[in-house]
Amino acid sequence: MMTQMITASKTPRAITVIGYCLLVIVLASCSGDGSKMRAQLEELERQNRADSVMTNDSLAEQLVKYFDRHGTPNERMRAHYILGRTYADMGEAPQALEEYHTAIECADTTANDCNYHTLSRVYSQMASVFHQQNLPQDELKALARFIHYIQVQGDTLQALRYQALLIKPYYLLGEKDTVLSIIARLNEQLENRGYHTDAVRNLGTAIYIYTERGQLAEAGRLLETYERESGMFDSMGNIVRGAEGHYWVKGNYELSINQIDSAEYYFRKAIQYGNIDAVSNAYKGMIAVYRHKQNLDSVVYYSHLNEVILDSLHNRMQTDAIHQAASLYDYTRSLKLAEQEARKRRETQILSFVLLFTAALVLAVQFRRYRRKLKERQVKYRQLYNELTNVKAERQSILEELDSLKARQYDEIIERKEHKNLELLQRITELETVIGRYKMFREGNHYEEFKSSQVALQFEKMASFRKNQPLPSKADWEILEKQFRNSMPDAYSTFCEHGLSPLEIRTCILLILNHEESVISGLTQSSGTVISTAKSRANKKLFNRQGASSLKYNLMRLIDAV
């Protein structure tokens, strides 16, 4: 009878379930590699803080790939920042900027635990790249965000001090009045807070601008204050290393007040200790000195030296520009290729979604058709049942009449009534046979009852594998199997008749409850390979089918849920 019902009942419920399962996204849990990756990220951050040159871009790229999938917003930002610093140390400015931008996008500034320290460092390094690329406007934008996030951290003093970084890009833009305004406003705030030395150290650019404009009294006053109160000079008047560019500023001032020998002295110190820009400016100063002394040979000599250094500077800048242009071209081309691939993937995903939606729609139509047929069967069942009740009542009346007639020996009437009794008995037998089939259809399948039972719901909770959630005990398994045996005795008998092992029975029951293979592995405390083997064996024993993939569908057909 069960075989007949499997053939006759074309229920699409399991197909619908499979269709919906295709829409579920399975989240993969990460392993213990997380601790190792975090340790490597912290080590690279330590090297970065120590100003070590980082050239291991492969490790940094691995960290980015890992934390993009498994990391928090802060971890993703840190990983992209370190990769950007690595690219910057390798001289790959376009890639560095791209990683800095990505790091900024990763930051969740709405979260209470947002790492504003790293976020501010990202903007600081972006400003540094823009400065090296001679892009002062972009540098100013990055510095503004850098200073803002220093303020967000509550360090108002550092935010104030870092405003001095705005001087260079504004000077490169030729906005010298803005530079003087920044210095005056910044120094006033520093003085009000009692940081006089910090204020004095910001005067270098102002001294040069006032000298250049011929405001020598103001330039001299600031120069005297700078040399006396900045704390950057030793007892011999030598400035600290890294700030030797001051010598050509001082020489320029001495030249403007006609202290020719003093100017020559400081220009020579700039040539001896300064960087390439300071040396070039010092050569120009030496040319002016020897023109004043009317020493043509020395003028020619320093003019030649200046041309040489300018050519060297020009060649270096040209080489850097060509290199950066080539890098940017290659990087832009790579981005375009990546964008094309991403577009193809999106188109494929859209097509898959359309196909999936169409399949779901077809399944929904089939399910409605099944519900309509089921309702028609139920109506037919009630009609037949009512007819059976009426026929039984009529037969009972006939029997009572027969008993009465037999007592009176009315042979002809008795014969007629007995004939009628046989007809009714035959009809009763036919109706009971038909109703039996309908009743088996209605009552032999208690899938919904089993699925909504207390023990099934308990296993659903266990399948979440939450913290402190116990795994099924031996008693839990016994209760589950007992409920299945009571709700679907025919299916359970089929399992036993075909010799399914305890693990195979449990696997089949959990599949009927719509649990995934990974969940079954966890609930039974068995490996994925063991569960897959159990499914294959059960499929072979029950349905003579090879493989494990079709077992669930065959089981749902067996219990008339499809």
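Caption draft 1: How the structure looks around a positive patch on the surface. Together, Arg368, Arg369, Arg372, Lys373 and Arg377 give the surface a local cluster of positive charge. One can find arginine 377 in helix H18 (residues 296–408). Arginine 377 gets classed as partly exposed once you look at its relative accessible area, which sits at 32%.

Caption draft 2: Broad picture of helix H5 (residues 73–89). Taking 1.5 Å of rise per residue, 17 residues should cover 24 Å, and H5 covers 25 Å from first to last C-alpha, within 8% of that figure. The buried fraction of H5 amounts to 13 of the 17 residues, a majority that puts the element mostly inside the structure. A positive phi of about 80° marks glycine 91, the residue just after H5.

Caption draft 3: Region of the structure containing the packing of helix H7 (residues 116–132) against helix H8 (residues 136–152). At a minimum axis separation of 8 Å, H7 and H8 run at an interaxial angle of 160°. When the axis of H7 is compared with that of H8, the two are roughly antiparallel. Between H7 and H8 lies a crossing of left-handed hand. Contacts from Tyr116, Leu119, Ser120, Arg121, Tyr123, Ser124, Met126, Ala127, Phe130 and His131 in H7 reach Asp138, Glu139, Ala142, Leu143, Arg145, Phe146, Tyr149, Ile150 and Val152 in H8.

Caption draft 4: Structural view of unusual backbone geometry. In this structure, glutamine 294 takes a positive phi of about 60° despite not being glycine. Relative to the helices and strands, glutamine 294 is located in the loop between helix H17 (276–292) and H18. Residue glutamine 294 is classed as exposed on the basis of its relative accessible area, which comes to 72%. For asparagine 544, which is not glycine, the phi dihedral falls at a positive 55°. Looking at the element boundaries, asparagine 544 is found in the loop between helix H26 (528–543) and helix H27 (551–558).

Caption draft 5: Examining H26 more closely. For H26, built from 16 residues, the straight-helix expectation of 22 Å at 1.5 Å per residue is met to within 8% by its first-to-last C-alpha distance of 22 Å. Taken residue by residue, H26 has Ile531, Ala534, Lys535, Ala538, Asn539, Leu542 and Phe543 as its buried positions. Projected down its long axis, H26 carries its buried residues within an arc of 135°, all on one side. Relative to its buried face, H26 has exposed residues pointing more than 90 degrees away, namely Thr529 and Arg537. Packed against the buried residues of H26 are helix H23 (489–497), helix H24 (502–512), helix H25 (517–524) and H27.

Caption draft 6: The arrangement of the pattern of salt bridges in detail. As enumerated under the stated definition, the model contains 17 salt bridges in all. Put simply, glutamate 75 and arginine 38 hold a salt bridge, and the shortest N to O gap is 2.7 Å. You can see glutamate 75 sitting in helix H5 and its partner arginine 38 sitting in helix H3 (residues 33–49), a full 37 residues away along the chain. Two residues, aspartate 89 and arginine 85, come together in a salt bridge whose shortest N-O distance is 3.8 Å. Here arginine 85 and aspartate 89 lie together in helix H5, a separation of four residues that amounts to about one turn. Salt bridges here are not isolated pairs; linked through shared partners, they connect Asp261, Glu264, Arg268 and Lys293.

Caption draft 7: Up close: the packing of aromatic side chains. Counted under the stated rule, the structure contains 17 aromatic pairs. Centre to centre, the rings of tyrosine 123 and tyrosine 149 are 5.8 Å apart; their planes meet at 15°, and the pair counts as stacked. Placement of tyrosine 123 in helix H7 and of tyrosine 149 in helix H8 is noted, with a sequence separation of 26 residues between them. Residue classification places tyrosine 149 among the buried residues on the basis of a relative accessible area of 9%. Taken together, the ring pairs connect Tyr283, Tyr290, Tyr301 and Tyr302 into an aromatic cluster. The aromatic ring of tyrosine 195 is capped on one face by arginine 161, whose charged end is 5.0 Å from the ring centroid. One residue, arginine 485, lies across the ring of tyrosine 492, its end atom 5.3 Å from the ring centre.

Caption draft 8: Focus on the confidence of the model for the protein chain. Here the protein chain shows a mean pLDDT of 82. Residues at 70 or above account for 83%. Within the protein chain, the lowest mean pLDDT, 35, falls on helix H1 (residues 2–8), and the highest, 95, falls on H24. The low-confidence segment residues 1–31 (pLDDT under 50) makes 47 contacts with residues lying over four places distant or belonging to another chain.

Calculation rules
Residues numbered from 1 in each chain as written. Predicted model: local features only at pLDDT ≥ 70, side-chain atom pairs only at ≥ 80, totals over all residues. Heavy atoms only, no water. Patch = residues over 30% accessible without salt bridge, like charges linked within 9 Å, V, L, I, M, F, W, Y side chains within 5 Å. Areas by Shrake-Rupley, 256 points an atom, 1.4 Å probe, with all protein chains shown as cover. Salt bridge = Lys/Arg side-chain N within 4 Å of Asp/Glu carboxyl O. Lys, Arg positive; Asp, Glu negative; His and termini not counted. Charge placed at Lys NZ, Arg CZ, Asp CG, Glu CD. Helix = DSSP H or I, 4+ residues; strand = E, 2+ residues; numbered from the N terminus. Buried < 20%, exposed > 50% of the residue type's maximum accessible area, 1.4 Å probe, protein only. Expected span 1.5 Å × (residues − 1). Axes fitted to C-alpha atoms, helices over the stretch in contact; angles between N-to-C directions. Parallel < 35°, antiparallel > 145°, perpendicular 65-115°, else oblique. Left-handed = near helix turned anticlockwise from the far one by under 90°. Contact = heavy atoms within 4.5 Å. Arc of directions from axis to C-beta. Phe/Tyr/Trp six-rings, centres within 6.5 Å; stacked < 30°, edge-to-face > 60°. Lys NZ or Arg CZ within 6 Å of the ring centre and 35° of its normal. pLDDT = per-residue confidence, 0-100.

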